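Each chain, written out:
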Amino acid sequence: MSSNWMAMPTTLDYPFEAEPQTGDGSAIEVAPGVFWFRMPVFASLPWINVWAIKEEGGWTIVDTGLHSAKTIDAWQSAFAGALGSAPVLRVVVTHMHPDHCGMAGWIVERFKARLWMSRLEYLTCRLMAADTGRNAPEDGIEFYRAAGWDDSAISRYKARFGSFGEMIYPLPAAYRRIADGDTLRLGGREWTVVVGNGHSPEHACLYCPELKLLISGDQVLPRISSNVSVYPTEPEADPLSDWLNSLAMISQRIPNDVLVLPAHNSPFKGLHARVGELIESHRRGLARLENLLSEPKCAVEVFGALFARPITAGLLGMATGEAIAHLNYLSAAGRAVRESDHAGVWRWRSS
């Protein structure tokens, strides 16, 4: 999932004037044998890009959309439309967020295909889906109270806990592991797995040197910044360091002349410029945040330093996770100190 409140201006090349319509079975061929579809997601983020790679006798699908009746209808239209009723031979999922893996189990079950996924993404998804129907844990409640949430926000957290699994058709009990540096043969060409993290545990991008394509998932987006969050399961985590290091690694390993196929927005050229913009955006946010911490602040009091839009109740969880990620980054770098006040609320101050 992505956070479009950290949008920023950019000058990139978008080579496609036409775009596929969401869910009508149409597709655009972005390179020989590689097709671009759009699947419905949420009202605030209305669609996700998914990709189909033509194989001998069928298709490889990369990412799948959210599990919903609308997405099932959209895939039915795709199978009857641009996919030409040919079978799906494998499904590759970049990472475990529901808009990417939500329909993977449904597709592999329908076609008796194999799911290909990195190990941490697969296992984390299975673990989170297992929370469906459970009560919110005390550790989670304490985490968000320490972040500064009030009683109404805690009540919403309790009511919504476990909804992750409702957005995902159950993953298969067996899968094919992919890992950083693996070479996959898709559509008769070699694709290299390039793993980043910070947004998710082991996010797999796919790079095809022959076609000069990078399927970037949420690792590099052209117009919005991916959410980088700390969660109650690992409250002292520093995912922003992982994220910034992953972006720098991608610039080193992937040439600038690729066509980037992102999960959201449109295919673009200008990978290295975009990576530089994303890194610089976080650097500026960290500087603003550090200045704000001349007086102790809790997580919900620093949103103005990081986000350009007001944070509504629906965005509170993602904003809080991202704020703590930035605060933990400053703490790990020795630029801030976290203390608890008399009510058990965490407050950070510049060191």
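Residues numbered from 1 in each chain as written. Predicted model: local features only at pLDDT ≥ 70, side-chain atom pairs only at ≥ 80, totals over all residues. Heavy atoms only, no water.

Counting 51 residues, the largest nonpolar core has W149, V220, I254, L271, L293, I324 and W348 as its most contacted members. Of all the secondary-structure elements, those providing two or more residues to this core are helix 5 (138–146), helix 6 (151–160), strand 11 (203–208), helix 7 (239–253), helix 8 (271–292), helix 9 (303–306), helix 10 (316–332) and strand 16 (346–350). With eight residues, the top contributor of residues to this core is helix 10. (Core = buried A, V, L, I, M, F, W, Y, C linked by side-chain atoms within 4.5 Å. Buried < 20%, exposed > 50% of the residue type's maximum accessible area, 1.4 Å probe, protein only. Helix = DSSP H or I, 4+ residues; strand = E, 2+ residues; numbered from the N terminus.)

Take the confidence of the model for the chain next. Atomic detail in the predicted coordinates should be set aside for any region of low pLDDT. Mean pLDDT for the chain: 95, with 97% of residues reaching 70 or above. Residue range residues 1–7 is modelled with pLDDT below 50. Its contacts to residues more than four positions away, or to other chains, number 43 contacts. (pLDDT = per-residue confidence, 0-100. Contact = heavy atoms within 4.5 Å.)

What follows covers the side chain of S229. Structurally, S229 is set in the loop between strand 13 (225–226) and helix 7. Here M318 takes part through its backbone oxygen, which lies 3.5 Å from a polar atom of the side chain of S229. Polar side-chain contacts of S229 include one of 3.2 Å to the backbone nitrogen of E322. If we skip the residues at most four places from it in the chain, S229 touches G198, P239, M318, G321, E322 and A325. (Polar contact = N/O pair within 3.5 Å; in protein donor to acceptor, adjacent residues only side chain to side chain.)

What follows deals with the environment of A308. Turning to its location among the elements, A308 is positioned in the loop between helix 9 and helix 10. Classification of A308 as exposed rests on a relative accessible area of 74%. Spatially, the C-alpha atoms of A308 and K70 are 31 Å apart, while their sequence positions differ by 238 residues.

Summed over all chains, the structure comprises 14 salt bridges. Its salt-bridge partner being R38, residue E19 comes within 2.7 Å of it at the nearest N-O pair. Of this pair, E19 sits in the loop between strand 1 (2–3) and strand 2 (28–31) while R38 sits in strand 3 (residues 34–40), and the two are 19 residues apart along the sequence. Classification of E19 as partly exposed rests on a relative accessible area of 35%. Measuring nitrogen to oxygen at the nearest pair gives 4.0 Å for the salt bridge that ties E280 to R284. You can see E280 and its partner R284 sitting in helix 8, four residues apart, about one turn around the helix. (Salt bridge = Lys/Arg side-chain N within 4 Å of Asp/Glu carboxyl O.)

Okay, unusual backbone geometry next. Of note in the backbone geometry, S85 takes a positive phi value of approximately 65° without being a glycine. With respect to the secondary-structure elements, S85 resides in the loop between helix 1 (69–80) and strand 6 (88–92). You will see that K112, though not glycine, has its phi angle at about 55°, which is positive. Within the secondary structure, K112 is located in the loop between helix 3 (104–111) and strand 7 (114–118).

Next up on the list: the sheet that holds strand 4 (residues 47–55). Sheet strands line up and pair through hydrogen bonds in the backbone, either parallel or antiparallel. Judged by pairing direction, the sheet is mixed, and its seven strands sit side by side in the order 2-3-4-5-6-7-8 without closing on themselves. The open sheet terminates on both sides in strands that have one partner only, identified here as strand 2 and strand 8 (176–178). The sheet shows a mean angle of 30° between the axes of neighbouring strands, direction not considered. Here strand 7 runs beside strand 8; their pairing, made up of three bridges, is parallel. Note that in strand 8 the partner of M117 across the bridge is R177. Against the sheet, helix 1 makes contact with strand 3, strand 4, strand 5 (58–62) and strand 6, and its axis sits at roughly 150° relative to strand 3, the strand it touches most. The sheet strands contacting helix 3 are strand 6 and strand 7, and the helix crosses strand 6 at an angle near 160°. (Pairing = 2+ DSSP bridges. Axes fitted to C-alpha atoms, helices over the stretch in contact; angles between N-to-C directions.)

The next thing to look at is the packing of helix 7 against helix 10. Where helix 7 meets helix 10, the closest approach of the two axes is 7 Å, and the angle between their N-to-C directions is 85°. By the angle between their axes, helix 7 is roughly perpendicular relative to helix 10. Of helix 10, the residues touching helix 7 (which contributes P239, L240, S241 and L244) are A325, H326 and Y329. Its residues assigned to classes, the contact of helix 7 with helix 10 comprises five nonpolar, two polar and no charged. (Parallel < 35°, antiparallel > 145°, perpendicular 65-115°, else oblique. Nonpolar A, V, L, I, M, F, W, Y, C, P; charged D, E, K, R; others polar.)

All told, the structure shown has 15 aromatic pairs when counted by the stated rule. Note on F79 and F111: the rings are 5.0 Å apart at their centroids and 70° apart in plane angle, and the pair reads as edge-to-face. Taken together, the residues F79 in helix 1 and F111 in helix 3 connect sequence positions 32 residues apart. The interplanar angle of 70° and the centroid separation of 6.0 Å between the aromatic rings of Y157 and F161 together place this pair among those described as edge-to-face. Here a set of aromatic residues connected by ring pairs shows up, and it is made of F143, Y144, W149, Y157, F161, W346 and W348. The lysine or arginine in question, R223, covers the ring of Y14, its NZ or CZ lying 4.2 Å from the ring centre. A cation over an aromatic ring shows up here: R338 above the ring of W346, its NZ or CZ 4.0 Å from the ring centre. (Phe/Tyr/Trp six-rings, centres within 6.5 Å; stacked < 30°, edge-to-face > 60°. Lys NZ or Arg CZ within 6 Å of the ring centre and 35° of its normal.)

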